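Tertiary structure, described
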Amino acid sequence: MAVLSLSASAGEALVLGLATGPVCLATCGPVVVPWMMVQPRGVRSHSRQLGLFLAARLAGYMVFAAAVWLVGSSIQRAWTGRTWLMGGIELLLAAALVVYAVGWPHRRCAAANSAHAPASERHGAADGLVRIGEPPRSLRSGALALGFLTGINLCPPFLVAGVRAAQLEHLSAALLFFVAFFAGTAVWFLPFLSMGFVQRTPAVVTVARMVAVLLACWYGFSGVSILIGRTMYG
Amino acid sequence: MASQSSSLRRPVAFRGVGRSILLTLPIALWSLLMFTPSFQRSGLDLRIASAVTIVFMTTLFFLMMRTGETYRWRRIFFVAVGFLFPFGFIASLIAERGSMSIPVSRMVSGDTPFCFMVTPSLILPAAFARTIIFPGSILPTASNPRSIAAMIGIWFAMTLVLGKAWCSYACFFGGIEEGFASFAKRPRLHKLVVRYSHILRLVPWAILVFVVLVSAAIFEPVYCMWLCPFKAVTEFPAVRNVETAIQMGIFVALFVGLVVVLPYLTKKRTQCGFFCPFGAFQSIFNKINLFEIRFNREKCVDCTLCQTSCPTVALSKESIAEGKTLLNCMKCGACVDVCKKDAAVWHLKGTPVAVKPERARLLFLYGAWAMATMFGGSILANSVATMMHWLPWK
């Protein structure tokens, strides 16, 4: 009977994820698109990045599932902490986007700026926006950080799933609910792999980094607005 | 460096008067056709204004034929439209609702006039959620005859044929900054623009991707709500709290910076070239339309006069070496007019380069000027009629 109940709730979560996937796509798209645009061309590298992003997003879902199950039905009430959480997450997302868009000054930059470096590299490093060929570690951490932060960002379908998971009897059931919900929404992310076919030029990478900076401004403004208790629209 | 306007002058008699009149006849007929409804139904003010507009548009086209120049005469029309559009539009808003601000009730009822700038942001929400994220009506209504479907349809048809020429012949915003750019005798920030042009010309693409993605995420036209410089001289949400005050501050700052100050300092269309996401969107259509500017490498002496004269930095040394413009070329004709070796030429795709370039120019100009008369001409006529309405002896 318990197994039947679990599979029923998993099925419900899967359907919920599939149905609300376009909203997830629209919510996460602003973060995923510029991130994927700075990756090297090719479906394989994009699959790896999207896989990392989704894995971190699943981790975020699990953290959220555990938290809402522990908080229980109080998630449904006006919880003042939610405002702080939402604002804080958006500010963290803004910071992460800036870090991975502009990048910290590191030795590659200094080397590229030196007089011995090829002219093309000097030029790219000098404008501070075009740097192709990041170290692999930085790429992994970017996908993981952005995936996790979007995973715990409270978008509308995510909140619906949270309310439903909070009502379940066991923690394992809440986690399973979110795994199924994640699987439903993840299907909608597959079209992002097509970005692997887009030609990579310095211009494309520069545009992607500019977009990330603009998005960071947007999330930063949104986060501050939430924290000071104002809506963004009058 | 020689000033742009003086370097654009060519010998006056490029073509005889009779032949120029003959070539102008189709445009004169088109103008009459466009304004026939004004003569049939409207009051005296609009009839006179329409007549003035027909003469104005036809004369400019005649001068294009007669002198062989495009840029100078197009600029007169374009700047006139740019400066008169806010005048007529604001007057109509104040006459209709007593204020430039949009009441929430008008937005809810979908009576906001549609602006083509929002077009790219509509695509994703329409595709995924079958929703138009603009407070206008998809089909014409009694209070708002300019429906979203009609405006997008007309824009799309024009763009397929003429590509990014929309930005030089039909956009009623670009003329304002072209006017301020033409006021300066010489550019003061030329070196800065040249140094960073490879980055600056990418900014519109970044803003395009940003507004499309965020508009889809929050189901709001982000560009209209937060980034449009021309809200400062058209209409805007009523300022009634901190957020709308911030919005208004952004609109005014962008307008003053990008449309007034920087064009004056650089003699470039800085908003169009370095900011406008709709311009970037239009650039995509430059790939598939028939007309373009090409460079005859056998005649070109790499003097870079064309590069200096381009108002939107749509030329680089590399692109000229390849005999092409960059994707963001608006087909204004400045580079063709300034070239003393006749190396820059109008070109019809699929034909040999620099063979009968004047034929390509004529074909392009008929389409572009017809579009200019349709959009800019009606704006000019309405604005002139508004000015006449306010004449002291009336």
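Note that the coordinates shown come from a computational prediction; the quantities given were computed from them, not determined experimentally.

Examining the overall build of chain A
Helices and strands together make up the secondary structure of chain A, namely nine helices and zero strands. Its helices and strands in sequence order give chain A the pattern α-α-α-α-α-α-α-α-α, from N to C terminus. Buried positions account for 37% of the 234 residues belonging to chain A. Within chain A, counting contacts between residues at least 6 apart in sequence, those at least 24 apart form 86% of the total.

Thoughts on the confidence of the model for chain A
Within chain A, residue pLDDT values average 77, and 75% of them lie at 70 or more. Confidence drops under a pLDDT of 50 for residues 104–137 of chain A, and excluding neighbours within four residues, the segment shows 29 contacts in the predicted structure.

Quick word on the interface of chain B and chain A
Taken together, the contact between chain B and chain A spans 20 residues of the former and 20 residues of the latter. Counting residues per element, the ones that place at least two in the side of chain B that touches chain A are α6 (119–129), α11 (203–218) and α13 (242–266) of chain B. Considering each element in turn, the side of chain B that touches chain A owes the most residues, 10 residues, to α11 of chain B. Looking at the side of chain B that touches chain A residue by residue, the classes come out as 16 nonpolar, two polar and two charged.

Observations concerning the packing of helix α3 (residues 44–67) of chain B against helix α19 (residues 357–389) of chain B
All names here are of chain B. Between α3 and α19, the shortest axis-to-axis distance is 8 Å and the interhelical angle comes to 145°. The crossing of α3 and α19 is right-handed. Along the contact surface, α3 presents D45, L46, I48, A49, S50, V52, T53, F56, M57, F61 and M64, while α19 presents L365, W369, T373, G377, L380, A381, V384, A385, M388 and H389. Counted by class, the contact of α3 with α19 contains 15 nonpolar, five polar and one charged residues.

What about the nonpolar core?
L97, V211 and L215 of chain A together with A206, F210 and C335 of chain B are the most contacted members of the largest nonpolar core, which totals 172 residues. Counting residues per element, this core draws most heavily on α19 of chain B, at 14 residues.

Things to note about the domain arrangement of chain B
All names here are of chain B. Splitting chain B by domain gives domain 1 (9–94 + 366–394), domain 2 (100–289) and domain 3 (290–355). The C-alpha-based centres of domain 1 and domain 3 are spaced at 28 Å. Per-class residue counts for the side of domain 1 that touches domain 3 are one nonpolar, one polar and four charged.

A closer look at the environment of N286 of chain B
Residue and element names in this part refer to chain B. Inspection of the secondary structure assignment puts N286 in helix α15 (residues 277–286). Its 22 C-beta neighbours within 10 Å are what place N286 among the buried residues. It is 8.6 Å that separates the C-alpha atoms of N286 and A165, two residues lying 121 residues apart in sequence. Dropping the residues within four chain positions of it, N286 is found in contact with G163, K164, L327 and C329.

Side note on the environment of I89 of chain A
Residues and elements named next belong to chain A. Position of I89 relative to the elements: it lies in helix α3 (residues 80–102). Owing to 21 C-beta atoms within 10 Å, I89 belongs among the buried residues under this scheme. A sequence separation of 55 residues divides I89 from L144, and the C-alpha atoms of the two residues are 15 Å apart.

Overview of α19 of chain B
Helix length check: α19 of chain B (33 residues) gives 45 Å between terminal C-alpha atoms against 48 Å at 1.5 Å per residue, within 8%. G376 of chain B marks where α19 of chain B bends most, by close to 35°.

So, α15 of chain B
Residues separated by three or four positions in an α-helix point in the same direction, a consequence of the helix having 3.6 residues per turn. Residue and element names in this part refer to chain B. The buried fraction of α15 is high, at eight of 10 residues. Along α15, the residues that are buried comprise P277, F278, G279, A280, F281, Q282, S283 and N286. Where α15 is buried, its residues meet α6, α7 (148–162), α8 (166–169), α11, α12 (222–227) and α14 (270–274).

Considerations on the pairing of strand β4 (residues 344–348) of chain B
Residue and element names in this part refer to chain B. Across the five residues of β4, four count as buried, placing the element largely inside the fold. Summarising the sheet, strand β3 (residues 291–295) and β4 pair through five bridges and their orientation is antiparallel. Note that in β4 the partner of I293 across the bridge is W346.

Conventions and cut-offs
- Residues numbered from 1 in each chain as written.
- Chains lettered and ligands numbered in written order.
- Predicted model: local features only at pLDDT ≥ 70, side-chain atom pairs only at ≥ 80, totals over all residues.
- Helix = DSSP H or I, 4+ residues; strand = E, 2+ residues; numbered from the N terminus.
- Buried ≥ 20, exposed ≤ 12 C-beta atoms within 10 Å, placed from the backbone.
- Contact = placed C-beta atoms within 7 Å.
- pLDDT = per-residue confidence, 0-100.
- Nonpolar A, V, L, I, M, F, W, Y, C, P; charged D, E, K, R; others polar.
- Axes fitted to C-alpha atoms, helices over the stretch in contact; angles between N-to-C directions.
- Left-handed = near helix turned anticlockwise from the far one by under 90°.
- Core = buried A, V, L, I, M, F, W, Y, C linked by C-beta atoms within 7 Å.
- Domains from an automatic or database assignment.
- Expected span 1.5 Å × (residues − 1).
- Bend = angle between axes of the 7 residues up to and from the residue.
- Pairing = 2+ DSSP bridges.

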